[in-house]
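Architecture and fold: a report
Listed here are the chains, written in short residue letters.
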Amino acid sequence: MMGKESVRKRLESEQGMSYTEFTYQLLQGYDFLYLFEKEGINVQIGGSDQWGNITAGTELIRKVLQAEGVYGLTFPLLLKNDGTKFGKSEEGAIWLAPSMLSPYKFYQYFFNVPDADVIKFLKVLTFLDLEEIDSLETDMKRPGYVPNTAQRRLAEEVTRFVHGDEGLQEALRATEALRPGAETKLDWKAIEGIAEDLPSYSLPYDEVLNTSVVDLCVLSGLLESKSAARRLLKQGGLYLNNCRVDTESKIEADDIVDGKVLLLSAGKKNKVVVRIS
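Residues numbered from 1 in each chain as written. Predicted model: local features only at pLDDT ≥ 70, side-chain atom pairs only at ≥ 80, totals over all residues. Heavy atoms only, no water.

**Regarding the overall build of the chain**
Scanning the chain from terminus to terminus reveals 11 helices and seven strands. The C-alpha radius of gyration of the chain comes to 26 Å, more than 25% above the 19 Å expected for a compact globule of 277 residues. A principal-axis box enclosing the C-alpha atoms of the chain has dimensions of 80 × 45 × 35 Å. When burial is assessed residue by residue, the chain has 38% of its 277 residues classed as buried. Long-range pairs, those at least 24 residues apart, make up 59% of the contacts in the chain with a sequence separation of at least 6. In the structure as shown, the chain presents an accessible area of about 16,800 Å², 52% of it carried by carbon and sulfur atoms. Side-chain charges in the chain split into 33 positive and 42 negative, and the spacing between the mean points of these groups amounts to 3 Å. (Helix = DSSP H or I, 4+ residues; strand = E, 2+ residues; numbered from the N terminus. Rg over C-alpha atoms; globule rule 2.2 N^0.38 Å. Buried < 20%, exposed > 50% of the residue type's maximum accessible area, 1.4 Å probe, protein only. Contact = heavy atoms within 4.5 Å. Areas by Shrake-Rupley, 256 points an atom, 1.4 Å probe, with all protein chains shown as cover. Lys, Arg positive; Asp, Glu negative; His and termini not counted. Charge placed at Lys NZ, Arg CZ, Asp CG, Glu CD.)

Here it is as structure tokens:
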């Protein structure tokens, strides 16, 4: 193990290498030996970062069983633009199970990938023809290109593949409902459908009614101070139920969607659901 360049570099680095990580290849190597001997499995496939663990298995098989005909196959890791990989140990992991990550959040992740990543992801993660992907790449360089057109196609294709047409439609409805200034009329079901993906705060009805929008922004935790709320209001970035707030008005009964919830937005992405208890 000490002879492997990858191990030696890690041990010589400032970060070092934990004992668990160092000995992981022993476990994976023995797994390969067991599967080869008991099940006749002679090929192990993994990401390029698993090369050392895979070859530990092929070497172990040759030494212990004096057997040949075992192979390792690796493929390049799918890396984000910052060089980090996708994975459950990484921040912002992209889960496939809707119980771990809703179709809406799944869609939004791919809708918001940088331009530098979108073409690569279209080629790797979708079944679109390369001619269509090349066309999208060409369009991105043309004047008048609508931002996120390629990202929208990526998000739609990958969400449909993972969550089906129903999941994609759910994500599209939530995206439209959450867009500040959207013409889509919000109802309680629409807000509840996206509530699990947003911060939420519960307040008694009497505390919400006749409270100023500025005060509610602070009470709900959307903004840190009244001055920040007033500044955003003047800049045109404060929304109540997707409608821009132009004055420091008070919450009325008609503002509470179906008498149950409010949706406050500071800009396009910072939102909070206020539940009426």
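**Focus on the nonpolar core**
In summary, soluble globular proteins display a tendency toward joint burial of nonpolar side chains. Residues Cys217, Leu222, Leu223, Leu238, Ile251, Leu262 and Leu264 are the most contacted members of the largest nonpolar core, which totals 22 residues. Of all the elements in the fold, those that place two or more residues in this core are helix 10 (213-219), helix 11 (226-235), strand 4 (238-240), strand 6 (261-266) and strand 7 (270-276). With four residues, helix 10 is the largest single contributor of residues to this core. If you look at the next biggest cluster of nonpolar residues, it comprises 20 residues, including Phe106, Val113, Phe121 and Ala155. (Core = buried A, V, L, I, M, F, W, Y, C linked by side-chain atoms within 4.5 Å.)

**As for the state of the cysteines**
The tally for this structure, following the rule as stated, stands at zero disulfides. Unpaired in this structure, Cys243 has its nearest cysteine sulfur neighbour in Cys217, at a distance of 14 Å. Residue class for Cys243 comes out exposed when judged on its relative accessible area of 51%. (Disulfide = S-S within 2.5 Å.)

**Topic: the side chain of Thr211**
By the element assignment, Thr211 lies in the loop between helix 9 (205-208) and helix 10. Given the relative accessible area of 13%, Thr211 is considered buried. One polar contact links the side chain of Thr211 to the main-chain carbonyl oxygen of Glu207, over a distance of 2.3 Å. Once residues within four sequence positions are removed from consideration, Thr211 is found in contact with Leu216, Leu219, Ser249, Lys250 and Ile251. (Polar contact = N/O pair within 3.5 Å; in protein donor to acceptor, adjacent residues only side chain to side chain.)

**Structural notes on the pairing of strand 6**
With six of six residues buried, strand 6 is to be regarded as a mostly interior element. The side-chain alternation of strand 6 yields two buried faces, one formed by Val261, Leu263 and Ser265 and the other by Leu262, Leu264 and Ala266. Across three bridges, the pairing between strand 4 and strand 6 is antiparallel. If you follow Leu238 over to strand 6, its bridge partner there is Ala266. Relative to strand 7, strand 6 runs antiparallel, the two sharing six bridges. Bridge pairing in strand 7 places Val261 opposite Arg275. Turn length for the strand 6-strand 7 hairpin, with the two strands adjacent in sequence and antiparallel, is three residues, and the turn residue Gly267 shows positive phi of about 80°. (Pairing = 2+ DSSP bridges.)

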